[in-house]
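Below are the chains, spelled out letter by letter.
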Amino acid sequence: MPLLKEFPHDFLWGASTSAHQVEGAWNEDGRGLSTVDLKKMPEGITDYKIASDHYHHYKEDIALMGEMGFKAYRCSISWTRIYPNGNDEKPNEKGLAFYDHVFDECLKYGIEPIVTINHFDFPIHLIEEYGGWQSRRVIDDYVRYCQTLFEHYGKKVHYWLTMNEQSMMIVYGQSRVASLFYGEPIKSRKKVMDVNHIMCIAQAKVMKMYHDMNLGGKIGPAPNIVPVYAASNKPEDVLVTMNYNEFRNTLYLDLLVKGKYPKALWSYLEDCHWTPDIYEGDMEILANGKPDIIAFNYYFSECTQAYQDEEEKVEEFNDNVTFMAQSGNKPRIAQQVANKNIQLTTSGMGIDPIGLRIVLRELSDRYELPLIITENGCGVKDVLEADGTIHDTYRIDYLKKHIEQLRLAIHEGVDLIGYCPWSAIDLVSTGEGIEKRYGFIYVNRSETDLKDMKRYRKDSFYWYKNVIATHGKCLD
Ligand code: BG6
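Bear in mind that the values here come from a model prediction, so they are computed numbers and not experimental data.

Colleague: Help me understand the overall build of the chain in this model?
Modeller: Counting its regular elements, the chain contains 15 helices and 15 strands. Each principal axis of the C-alpha distribution contributes one length, and for the chain these read about 60 × 60 × 45 Å. With 476 residues in all, the chain has 60% of them scored as buried. Put simply, of all contacts in the chain between residues at least 6 apart along the chain, 77% involve residues at least 24 apart. Counting only carbon and sulfur atoms, one obtains 49% of the accessible surface of the chain, whose full area is about 18800 Å². Considering the chain, the positive charge centre built from 53 side chains and the negative charge centre built from 69 side chains are found 2 Å apart.

Colleague: Mind showing me how you'd approach the sheet that holds strand β8 (residues 302-306) here?
Modeller: Across a sheet, paired strands are connected by hydrogen bonds in the backbone, their directions being either parallel or antiparallel. Pairing is mixed across the open sheet formed by three strands, whose spatial order is β6-β8-β9. Bordering the open sheet on either side are β6 (228-230) and β9 (334-336), each of which pairs with just one other strand. The sheet shows a mean angle of 40° between the axes of neighbouring strands, taken without regard to direction. Taken together, the three bridges between β8 and β9 define a ladder with antiparallel strand orientation. Counted as the bridge partner of Gln305 is Gln335 from β9. Contacts between helix α9 (residues 235-258) and the sheet are confined to β6, β8 and β9, with β8 contributing the most and set at about 130° to the helix.

Colleague: Just checking my understanding: could you explain the site of the ligand for this structure?
Modeller: Around the ligand, the surrounding shell holds 14 residues, and the nearest of these are Gln21, Glu165, Thr430, Lys436 and Tyr438. Note that an oxygen atom of the ligand is positioned 2.4 Å from one of the side-chain N or O atoms of Thr430. The contact in question runs from an oxygen atom of the ligand to an N or O atom on the side chain of Tyr438, over 2.4 Å. Within the complex, the protein chains bury 96% of what would otherwise be the 380 Å² of accessible surface of the ligand. Taken together, the residues of the shell around the ligand break down into four nonpolar, six polar and four charged.

Colleague: Help me understand the packing of aromatic side chains, please; the structure alone is not making it clear to me.
Modeller: A ring pair, where both rings are aromatic, is described by two values, the distance of the centres and the angle of the planes. All chains considered together, the criterion is met by 24 aromatic pairs. Residue placement shows Arg437 over the ring face of Tyr442; its charged tip is 4.0 Å from the ring centre. A cation over an aromatic ring shows up here: Arg457 above the ring of Phe461, its NZ or CZ 5.6 Å from the ring centre.

Colleague: I'm lost on the side chain of Arg455 in this one. Help?
Modeller: Within the secondary structure, Arg455 is located in strand β15 (residues 455-457). There is a polar contact of 2.6 Å between the side chain of Arg455 and the backbone oxygen of Ser52. Among the polar contacts made by the side chain of Arg455, one reaches the side chain of Asp61 at a distance of 2.7 Å. Ignoring any residue separated from it by four or fewer positions in sequence, one finds Arg455 in contact with Ser52, Asp53, His54, His57, Glu60, Asp61, Leu64, Ile425, Ile441, Tyr442 and Val443.

Colleague: Honestly, the sheet that holds strand β3 (residues 112-116) in this entry has me stumped. Any pointers?
Modeller: Judged by pairing direction, the sheet is parallel, and its eight strands sit side by side in the order β5-β4-β3-β2-β1-β13-β12-β7 without closing on themselves. Of all strands in the sheet, those bounded by a partner on one side alone are β5 (218-222) and β7 (294-297). Neighbouring strand axes in the sheet, compared pairwise and without regard to direction, differ in orientation by 30° on average. Pairing geometry for strand β12 (residues 371-375) and strand β13 (residues 416-419), over three bridges, is parallel. Each bridged residue has a counterpart across the sheet, and for Ile372 the counterpart in β13 is Gly418. Here helix α8 (residues 189-212) sits on the sheet in contact with β4 (159-164) and β5, set at roughly 165° to β5.

Colleague: What should I look at first to understand the packing of helix α2 (residues 54-68) against helix α15 (residues 459-469) in this one?
Modeller: A packed helix pair is summarised by two numbers, namely the angle formed by the two axes and the spacing between the axes. Across the interface, α2 lies against α15 with an axial gap of 8 Å and an inter-helix angle of 50°. Classed by the angle they form, the pair α2 and α15 counts as oblique. Contacts between α2 and α15 pair Leu64, Glu67 and Met68 from the former with Phe461, Tyr464, Lys465 and Ile468 from the latter. Across the contact of α2 with α15, the residue classes break down as five nonpolar, no polar and two charged.

Colleague: I would appreciate a short explanation of unusual backbone geometry in the present structure.
Modeller: Note the cis peptide between Trp422 and Ser423, where omega equals 15°. Tracing the backbone through its elements, the reader meets Ser423 in the loop between β13 and β14 (441-443). Within the chain, Glu368 stands out as a residue other than glycine whose phi angle is a positive 50°. With respect to the helices and strands, the residue Glu368 is situated in the loop between α13 (353-367) and β12.

Colleague: Any chance you could explain the packing of helix α4 (residues 93-108) against helix α6 (residues 137-153) here in plain terms?
Modeller: Between α4 and α6, whose axes approach to 11 Å, the crossing angle comes to 50°. By the angle between their directions, the pair α4 and α6 is classed as oblique. The handedness of the crossing between α4 and α6 comes out as right-handed. Side by side, α4 and α6 meet where Gly95, Leu96, Tyr99, Asp100 and Phe103 of the first sit next to Thr148, His152 and Tyr153 of the second. Class assignment of the residues belonging to the contact of α4 with α6 gives a composition of four nonpolar, three polar and one charged.

Colleague: Looking at this model, I keep getting lost on the pairing of β13. Mind explaining?
Modeller: Where strand β1 (residues 12-16) and β13 come together, two bridges link them in parallel fashion. Paired with Trp13 across the bridge in β13 is Tyr419. Read as a crossover between parallel neighbours, the route from β12 over helix α14 (residues 393-411) to β13 is right-handed.

Calculation criteria
Residues numbered from 1 in each chain as written. Predicted model: local features only at pLDDT ≥ 70, side-chain atom pairs only at ≥ 80, totals over all residues. Heavy atoms only, no water. Helix = DSSP H or I, 4+ residues; strand = E, 2+ residues; numbered from the N terminus. Buried < 20%, exposed > 50% of the residue type's maximum accessible area, 1.4 Å probe, protein only. Contact = heavy atoms within 4.5 Å. Areas by Shrake-Rupley, 256 points an atom, 1.4 Å probe, with all protein chains shown as cover. Lys, Arg positive; Asp, Glu negative; His and termini not counted. Charge placed at Lys NZ, Arg CZ, Asp CG, Glu CD. Pairing = 2+ DSSP bridges. Axes fitted to C-alpha atoms, helices over the stretch in contact; angles between N-to-C directions. Near = heavy atom within 4 Å. Polar contact = N/O pair within 3.5 Å; in protein donor to acceptor, adjacent residues only side chain to side chain. Nonpolar A, V, L, I, M, F, W, Y, C, P; charged D, E, K, R; others polar. Phe/Tyr/Trp six-rings, centres within 6.5 Å; stacked < 30°, edge-to-face > 60°. Lys NZ or Arg CZ within 6 Å of the ring centre and 35° of its normal. Parallel < 35°, antiparallel > 145°, perpendicular 65-115°, else oblique. Left-handed = near helix turned anticlockwise from the far one by under 90°. Right-handed = clockwise from strand over helix to strand, strands pointing away.

As structure tokens, then:
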């Protein structure tokens, strides 16, 4: 057995959160109304108004991250704390000050902030004024918001992520997150492709602006990526899987890294009359604003097969699965199916650590940029014992298996610069509340009872601390 290469000496071990999922304080210090504040949660599931109350606990939370030995903390900025309406004349000083405190606190412990500029939350005012991401007017407002962030925090923050999971917003739309399709769902597939295009133009402009400002840091997108497996070795299953992969994964990164649409997907959009409006100069903007790094979130793999009756299924497009997957002749439509080779967590999510290595290898070969994992984790109900301990062996087991694959991917030549699983502390999930927990740090509240919000160290806290201290050598 050859000796495996080690994690790079400056590897960014850390963990992630997002503003609305941890901060709370939804209407404090001048914060404006955001889509996430109005998101309708299922019965008995908490909203984001108080969340983990990180806004008032950030010092304690970051001290705990320091105790774990974090080298990085991936968090996000709430647009409406900085610009309450999204496009106000002046930024909100109290909003700017909050993130100054957060970043200063990180730097005190030698933790590098990795900052997502937009993580699923969006100013309501901009939706009311012009429909948010559906209008090209958003490009200037987003660029101006980013300029404010770069000017204000540019010396403290060296890693910027332009947008969280554009891929999920486009694939799942209304059913998944509130930010994109707040209000009436967008039924038109062409409009969804317009939104996707506008998002890419906005990000490319911001990446160019960041580089022109010579701040010396790195910037890139943060999509959600899955490996997509063909359900069988039937050629038609393999073909639809290639097609689905273009819609699910490569559309976003090809545009942002290569400045081009994937070919087969484009041909399908043309056939369906779903191509986005491309303005003069758009392709130059894409060509001139490129990322330095690719951050991505990984949870599980997907598996697809061809539908038997293509014509019938074309009529059945829904938000979740079959938007496209196509090309040339039949079969065009991919159907998601369960993969019997994959185990599930107790909450039903697939566990596929090798899938993470597959994705790392594919992204590394296709885009040839440094990679950083900004989410990976297992959301499971934890039990707080009477003595204040939480025995989350399932989480340790899950993370351990993924970290083993990271080391193998690095050995195989992947330029991986960091690993920030989801999540640093317990937080409110996108639709299933806070009892589905992801954190290394337990937050003592339930869906309906805020209790004392006390923080507790889970078993995974001590385990991860040792992983970081041994630089990934000891995973037991
Ligand atoms: C990612 C998001 O898709 O998955 C996070 O970026 C989210 O915001 C995470 O919390 C886990 O998903 P969920 O639905 O369990 O919250």
